[in-house]
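Examining the three-dimensional arrangement
Chain residues, written in single-letter form:
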Amino acid sequence: MSTKIRKKSLVNNSISKKLSRVSNIRPDTLKDMLEQTLQTCFQEESGQDPPIVTGCYEGNVSKANIFKERNRKGECWALYDKVLGTNEFTSIGFRGCKIAPSFMRVLDKIFEQFSLITVLILQRCSLDVNGLSLIVSTLQCIEDLNLDENFIPIQNYGLLLLNKNILKHLSLKFCKINEAGAQDLAKSLEFRDPKTQHLLSLNLSFNHINSNGAIHLAKALRTNRELESLSLIHNWIDDEGATALSEVLQKFKLNEEEFGLRLERQMEELYIVSQENSNK
C-alpha cells in the first residue's frame, strides 16, 4: 500500500471515529467533516474537485435555505438529527453534479462512512439512462429519493420501482414526464409482489402527464393499495383523467384478473406467515 493511499484511509477512519464519539457536534464542525470526506472521496475516485458544501442543518430545511450559492462544481448539503443520540447525517443532497460511475462510487463511500443516511437528493444532476441504472443499484439503504429536475428522454423512471429495495418516498418533479413516462411508472406500480413494493408516496407534480397517463396510473392503483400519496399538481390532466383517478379512490369491483391476483397475493402472505411461525 502506498503512503498516499494509506494517508487517505487514515483520514476516512478519523472522521468516522469523530462522528461515533461525539454526541453534540456543532453544525460548522459537521460541515468541515463533510467537506473533508467529499474532498478525499472525489480525489480518490475521479480526481476532480468536490461540489461546494452549502451547509449542514438539523432536521428539515427549505430549498431556499439550502441553495445559497450557485457553483459550476455543484452543491452539496446534509441534514442531521440530534434525536438519534449522535449528530450523524441522515440525509444528503447534491445539485448540479453529473451522475457518472465515479460519482456513484463516491456515494457508496459516503454511505459506508455515514451509515444512517436514508434520504438521497440528486436535483438537476444531468441524469441519463446509465445514471438511472447506477442509482437503482444504490437503493438498498435509501428510503426517500428525490430526483427533481432530471429529464430522461427515454422516460424509464419505472426502473426505480422494479428491483427489491426499501424505497418509500419518490419525488420526480419537473422531470418533463409525459404519457409514456407515466405508463412506465404505472407498470412498475402494479402490485405484484408484497415483498418488493414498499412505496408510500410518489410526487409527479409539474410534469407533462396528460389524461391518458393519468388513466394508466389509475389502473395501477386498482392493484396497488399500499401507495398512500400521489401528487399530480400542475400536469395536463383533464376531466377524463381526473374521473379515472377519482374512481379508484372509492370502493370498486375487482375484475377477473384482479380477483385472481388478490387470491394469489393472499396465498403468498399466508405462506410467509406460516414460514415465520415454523421458524419460531
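Rules used throughout
- Residues numbered from 1 in each chain as written.
- Predicted model: local features only at pLDDT ≥ 70, side-chain atom pairs only at ≥ 80, totals over all residues.
- Heavy atoms only, no water.
- Pairing = 2+ DSSP bridges.
- Helix = DSSP H or I, 4+ residues; strand = E, 2+ residues; numbered from the N terminus.
- Axes fitted to C-alpha atoms, helices over the stretch in contact; angles between N-to-C directions.
- Contact = heavy atoms within 4.5 Å.
- Buried < 20%, exposed > 50% of the residue type's maximum accessible area, 1.4 Å probe, protein only.
- Right-handed = clockwise from strand over helix to strand, strands pointing away.

**Looking at the sheet that holds strand β5 (residues 144-146)**
Read from one edge to the other, the open sheet built from eight strands follows the order β1-β2-β3-β4-β5-β6-β7-β8, with strand pairing classed as mixed. The outermost strands of the open sheet, each flanked by one partner alone, are β1 (52-58) and β8 (229-231). Each neighbouring strand pair of the sheet contributes to a mean axis angle of 10°, computed without reference to strand direction. Examined bridge by bridge, strand β3 (residues 89-95) and strand β4 (residues 119-123) share five bridges and lie parallel to one another. Paired with Ile92 across the strands is Leu120, a residue of β4. Of the strands in this sheet, β3 and β4 touch helix α4 (residues 101-113), which is tilted by about 165° from β3.

**Comments concerning the environment of Leu160**
Considering the arrangement of structural elements, one finds Leu160 in helix α6 (residues 159-162). Leu160 sits 24 residues away from Val136 along the chain, and the two C-alpha atoms are 5.8 Å apart. Those residues in contact with Leu160 that lie beyond four places of it in its chain are Leu132, Ile135, Val136, Leu139, Leu145, Leu147, Asn165, Leu167, Leu170 and Leu172.

**Section: the pairing of β3**
Of all seven residues making up β3, seven are buried, and the element is well covered by its neighbours. Of the strand pairs in this sheet, strand β2 (residues 75-80) and β3 are connected by six bridges, and their pairing is antiparallel. By the bridge assignment for β3, Leu79 is matched with Ser91. Once you follow β3 into α4 and on to β4, the crossover reads as right-handed.

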